[in-house]
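This is what each chain is made of:
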Amino acid sequence: MKEALYWEPLEGGKVRCKLCPLNCIINEGKRGSCKIRKNIGGKLYTLNYGKVSAIGADPVEKKPLFHFWPGSCALSISSVGCNMHCKHCQNWEISQADESFPYLHDMTPEMVVAIAKRYGCESIAYTYNEPVIWYEFVLDTAKLAKKEGIHNLLITNGYINEEPFRELAPYIDAMNIDIKAFSDEFYMKIAGVPSGEPSRRTAVIAKKDFGIHVELTYLIIPTLNDKEEEIRAFARWVVDELGDDTPVHFSRFFPHYKLLHLPPTPLETIEMAYRVAKEEGLKFVYIGNVPGHPGEHTYCPKCGKPLIVRYGFEITEYNITEDGRCKYCGERIPIVGTYKKRRYPGMWW
């Protein structure tokens, strides 16, 4: 337990959490919507500081980050809690849990960084549950990792207030932001928050104000966010606000948690989204959760030849030069870092 950052006292022993746009007003002895920030004696405490639910070495492509140090190793680490309550969450066992989750391990930022160095991981990915809810621990660990030359990756819903994000952002090297849909109705009915605007704002601030490498994921769920006009509007927003070189991952839904009654996303819907995003001008569009699909590959936007060929999270062919250009036509490709084929240590608990 640790006193939280970003809160203010209110009359009657209440407090207001100012970490995320929910801005929960919390009575004495009660918790915020995330279940993990609690008012104790008129002060707000975070209950998951140093509480680790999972840690393991992953390919960075699993995050998914396709344009950030391809082939490198990310130490993935998670806790419990989330400020959204998505009915389709595949990690709901930890995202909707609190500090009573039975499989938590106590760790310090120093321990996390030491493990990353021991296993040769070039980055630390804060992932699986929502890292915003682990804010204090993520901030402390990211600062230490940065000093040690280790990249910090935020795999997030982006649902955070601007002031705390601006404090964290200088220590973050890359983000994959999960854009749930392009309608507030979806966010209200399926994610349990009023609007998706704060997530989109975070993406813009990250890229434009801090130069963070940003990729977006849009999970396409049948009947809920799969209409062509909504996907077209989303793609147009990406081009206008983040740039046509922003990587976008359209991921296939499989039934999870409270949406077990829905079928997996039809392949033709995923391919429609891929086509529409290209029509709107996005240069780097990817199809996720369909191993072996040509939409997993990176293509040169000028000559159209495959530059990074993937099968799932594995790179099987790499045709980008050391100075970041297409091997065939010389077009500059926005890839952070260079590719080196690596072996993963297979560490996981």
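If you're wondering where the values come from, they're calculated on a predicted model, not measured in any experiment. (Residues numbered from 1 in each chain as written. Predicted model: local features only at pLDDT ≥ 70, side-chain atom pairs only at ≥ 80, totals over all residues. Heavy atoms only, no water.)

Caption draft 1: Inspection of the UniProt feature "binding site: [4Fe-4S] cluster" (unreviewed entry) in the protein at higher detail. In the numbering adopted here, UniProt assigns the feature "binding site: [4Fe-4S] cluster" (unreviewed entry) to Cys 82, Cys 86 and Cys 89. With respect to the helices, strands and loops of the structure, Cys 82 is situated in the loop between β9 (73-78) and α1 (92-95). Take Cys 82: its relative accessible area is 10%, and that puts it in the buried class. Looking at where Cys 89 falls in the secondary structure, it is placed in the loop between β9 and α1. Contacts of Cys 89, omitting those with residues within four sequence positions, involve Ser 95, His 256 and Tyr 257. (UniProt positions renumbered as here; feature names shortened; annotations may be inferred. Helix = DSSP H or I, 4+ residues; strand = E, 2+ residues; numbered from the N terminus. Buried < 20%, exposed > 50% of the residue type's maximum accessible area, 1.4 Å probe, protein only. Contact = heavy atoms within 4.5 Å.)

Caption draft 2: Spatial organisation of the UniProt feature "domain: Radical SAM core" (unreviewed entry) in the protein. UniProt feature "domain: Radical SAM core" (unreviewed entry): in the numbering of this structure it lies at residues 68-287. With 38% helix and 18% strand, the stretch residues 68-287 has end C-alpha atoms that lie 17 Å from each other.

Caption draft 3: Just the domain arrangement of the protein, in detail. Per the domain assignment, the segments making up the protein are domain 1 (2-46) and domain 2 (51-326). Spacing between the C-alpha centres of domain 1 and domain 2 amounts to 28 Å. Across the boundary between the two partners, domain 1 contributes 17 residues, which contact 24 residues of domain 2. Here domain 1 and domain 2 share an interface that buries about 1700 Å² over both sides, 58% of which is from carbon and sulfur atoms. The largest share of the area that domain 1 buries against domain 2 comes from Tyr 6, Leu 19 and Pro 21, three residues that together contribute 34% of it. (Domains from an automatic or database assignment. Buried area = accessible area lost by both parts, 1.4 Å probe.)

Caption draft 4: Main features of the packing of helix α2 (residues 109-118) against helix α3 (residues 135-147). Interhelical geometry of α2 versus α3 gives an angle of 45° and a closest axis separation of 9 Å. As summarised for this structure, α2 and α3 are arranged oblique, according to the angle between their axes. α2 and α3 meet at a crossing whose hand is right-handed. Packed against α2, whose contacting residues are Pro 109, Glu 110, Val 112 and Val 113, the element α3 presents Phe 137, Asp 140, Thr 141, Leu 144 and Ala 145 at the interface. Its residues assigned to classes, the contact of α2 with α3 comprises six nonpolar, one polar and two charged. (Axes fitted to C-alpha atoms, helices over the stretch in contact; angles between N-to-C directions. Parallel < 35°, antiparallel > 145°, perpendicular 65-115°, else oblique. Left-handed = near helix turned anticlockwise from the far one by under 90°. Nonpolar A, V, L, I, M, F, W, Y, C, P; charged D, E, K, R; others polar.)

Caption draft 5: The sheet that holds strand β18 (residues 306-311), seen in detail. Ordered by their spatial adjacency, three strands build an open sheet running β17-β18-β19, and the pairing between neighbours is antiparallel. This sheet does not close on itself; its edge strands, each paired only once, are β17 (298-299) and β19 (314-318). Bridge count for β17 against β18 is two bridges, and the pairing is antiparallel. Paired with Tyr 299 across the bridge in β18 is Pro 306. (Pairing = 2+ DSSP bridges.)

Caption draft 6: Seen up close, the environment of Gly 71. Residue placement: Gly 71 occurs in the loop between β8 (54-59) and β9. When its relative accessible area of 6% is taken as the criterion, Gly 71 is described as buried. With 270 residues separating them along the chain, Gly 71 and Lys 341 place their C-alpha atoms 5.9 Å apart.

Caption draft 7: Representation of unusual backbone geometry in the model. Cis geometry is found at the peptide bond from Lys 63 to Pro 64, where omega equals -10°. Positive phi values are uncommon outside glycine, yet Thr 223 reaches one of about 75°. Along the chain, Thr 223 turns up in the loop between β14 (213-220) and α7 (228-241). With a phi close to 65°, Asn 289 is a non-glycine residue in the positive phi region. Turning to its location among the elements, Asn 289 is positioned in the loop between β16 (285-288) and β17. On the basis of relative accessible area, Asn 289 is assigned to the partly exposed category, the value being 43%.

Caption draft 8: Focus on the pattern of salt bridges. Scanning the entire structure with this criterion turns up 24 salt bridges. The closest approach of N and O atoms between Glu 241 and Lys 208, which form a salt bridge, is 3.9 Å. Highlighted residues: Glu 241 in helix α7 and Lys 208 in helix α6 (residues 197-210), separated in sequence by 33 residues. On the accessibility criterion, Glu 241 (32% relative accessible area) is partly exposed. Its relative accessible area of 53% is what places Lys 208 among the exposed residues. A network of salt bridges, in which partner residues are shared, links Glu 228, Arg 232, Arg 236, Arg 275, Glu 279 and Glu 280. (Salt bridge = Lys/Arg side-chain N within 4 Å of Asp/Glu carboxyl O.)

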